[in-house]
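# Fold and geometry: a report
The residues making up each chain are set out below.
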Amino acid sequence: MNRIKRGYIARKRRTKIRLFTSSFRGAHSRLTRTITQQKIKALVSAHRDRDRKKRDFRGLWISRINAVIRENPKVYYIYSNVIYNIYTRQLLLNRKIVAQIAILKENCIFMIANDIIKTKNPPRRYFGKV
Amino acid sequence: MATATVSISTLCATFGTHCAISHNPKSQFSQPFNFNRVSSHSYNLTFSPRLPLSPLPKSTESAVAQTETGSTDPEPAQIVPAQPPSWEPGLFAVVMVGSRQYIVHPGRWIVVQRLKGANVNDKIALHKVLLVGTDTSCYIGKPIVTNAVVYATVEEQGLDPKVIVFKYKKKKHYRRTIGHRQPNTRLRINSIMGYENYPKVTMDDLKSEDSQTEDSQS
């Protein structure tokens, strides 16, 4: 067999991976073997978190809606009432939009809540043990 | 009425693209939160692209003339000075496109899923308007605001930035790398129309209700 030197084939391959990992911290952007491992971990995390992102944001929106809706000192509003009434009153707004409106246009969210919630519970003035 | 809205929308489009004093084109709502979210029951999205209209040269000339200082001679009476059409303050709408909901302001752009068969500079009418709001009042759609339309122009049919789909099983010698660019369409929102005759809720209703409940309680 002829003698073949490997030359810079491996180096060419590794520079591309190094470019991907160029902003990582410490040894994860300097040492060749750790660079390949960290690139794999980064891509796997990105793939997994793209699905997680959808779940995380939905939880964030729910928390935000709950927080803003409970702020109303005059009436007893909570997240579950709002969502139940959105469904029974046939509004199509999803949680992302309701959360954004709640943060940025507070008047609007209270108008919506007023319009759809018909509850007879009085506002909670006493927060201790009943 | 239709011709008036069309001319207003073209004026708005040309004003936004040619004049330097345009509003910030990026919508503060839609940019970070454009994800595929829980959608609703299926409604047929009525999508009516109209014939592409070329931008009116007269309005651009007069728009440029307005930005210069007032030392120039008064223009002949034929050219209509281009002004941004005045909307109610804080006008916005929630519109559903491609099974995702967006908060939409006239004059700003949004990025939606690729609309097949829409070419650049097509006019689009979006009929699934779920909510229209202003500073003082709110038109809550149950489920949609009837006769409300959002007019938009297709600005660009592009691709999302590339995501690398990397499948990997550890210790099993399995890895696959796929690159993916999702096609999208950028729409410039021209106007929100047709919501005036819908029952609306205003801040006054809220205050009167509060005073009623307080009277009844006290």
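To start, this report covers the structure provided alongside it. (Residues numbered from 1 in each chain as written. Chains lettered and ligands numbered in written order. Predicted model: local features only at pLDDT ≥ 70, side-chain atom pairs only at ≥ 80, totals over all residues. Heavy atoms only, no water.)

Turning our eyes to something else, we now look at helix α3 (residues 79–88) of chain A. All names here are of chain A. All of the buried residues along α3 are Tyr79, Val82, Ile83, Asn85 and Ile86. Down the axis of α3, the smallest arc covering the buried residues is 165 degrees, so these residues share one side. Turned more than 90 degrees from where α3 packs its buried face, Tyr84 and Tyr87 sit exposed. Structurally, α3 contributes buried residues whose contacts are with α2 (32–71), α4 (95–104) and α5 (106–116). Immediately downstream of α3, the backbone of Gln90 shows phi near 60 degrees, a positive value. (Buried < 20%, exposed > 50% of the residue type's maximum accessible area, 1.4 Å probe, protein only. Helix = DSSP H or I, 4+ residues; strand = E, 2+ residues; numbered from the N terminus. Arc of directions from axis to C-beta. Contact = heavy atoms within 4.5 Å.)

All right, on to the state of the cysteines then. Per the stated rule, a full pass over the model turns up one disulfide over all chains. There is a disulfide in this structure between Cys108(A) and Cys138(B), and the S-S distance comes to 2.5 Å. Taking the sign of the S-S torsion, about 50 degrees here, the bridge from Cys108(A) to Cys138(B) comes out right-handed. Within this pair, whereas Cys108(A) is found in helix α5, its partner Cys138(B) is found in strand β6 (residues 137–140), the two belonging to separate chains. Cys138(B) matches Cys108(A) in its accessibility class, with the two residues each being buried. (Disulfide = S-S within 2.5 Å.)

Looking now at the sheet that holds β6(B). As summarised here, the arrangement of the five strands in space is β2-β1-β5-β6-β11 (chain B), forming an open sheet in which the pairing is antiparallel. With one partner strand each, in any of the chains shown, β2 (100–104) and β11 (201–202) of chain B form the two edges of the open sheet. Where strand β1 (residues 92–97) of chain B meets β2(B), five bridges bridge the pair, whose relative direction is antiparallel. Directly across from Met96(B), in β2(B), lies its bridge partner Gln101(B). Docked against the sheet, α4(A) engages β1, β2 and β5 (129–133) of chain B, running at close to 25 degrees with respect to β2(B). Contacts from α5(A) reach β1, β5, β6 and β11 of chain B, with the element oriented near 50 degrees to β6(B). (Pairing = 2+ DSSP bridges. Axes fitted to C-alpha atoms, helices over the stretch in contact; angles between N-to-C directions.)

A few words on the packing of aromatic side chains. Going through the model one piece at a time under the given rule, you end up with three aromatic pairs over all chains. With a centroid separation of 6.0 Å and 35 degrees between ring planes, the pair formed by Phe57(A) and Trp61(A) is classed as tilted. Placement of the pair is Phe57(A) and Trp61(A) together in helix α2, with a separation of four residues, close to one helical turn. Ring geometry for Phe166(B) versus Tyr168(B): centroids 6.0 Å apart, planes at 15 degrees, classification stacked. What makes Tyr168(B) partly exposed here is its relative accessible area of 33%. Looking at Lys96(A), its charged tip hangs above the ring of Tyr102(B), at a distance of 5.4 Å from the centre. Across the ring face of Trp109(B), the terminal group of Arg186(B) is positioned such that the distance to the ring centre comes to 5.3 Å. (Phe/Tyr/Trp six-rings, centres within 6.5 Å; stacked < 30°, edge-to-face > 60°. Lys NZ or Arg CZ within 6 Å of the ring centre and 35° of its normal.)

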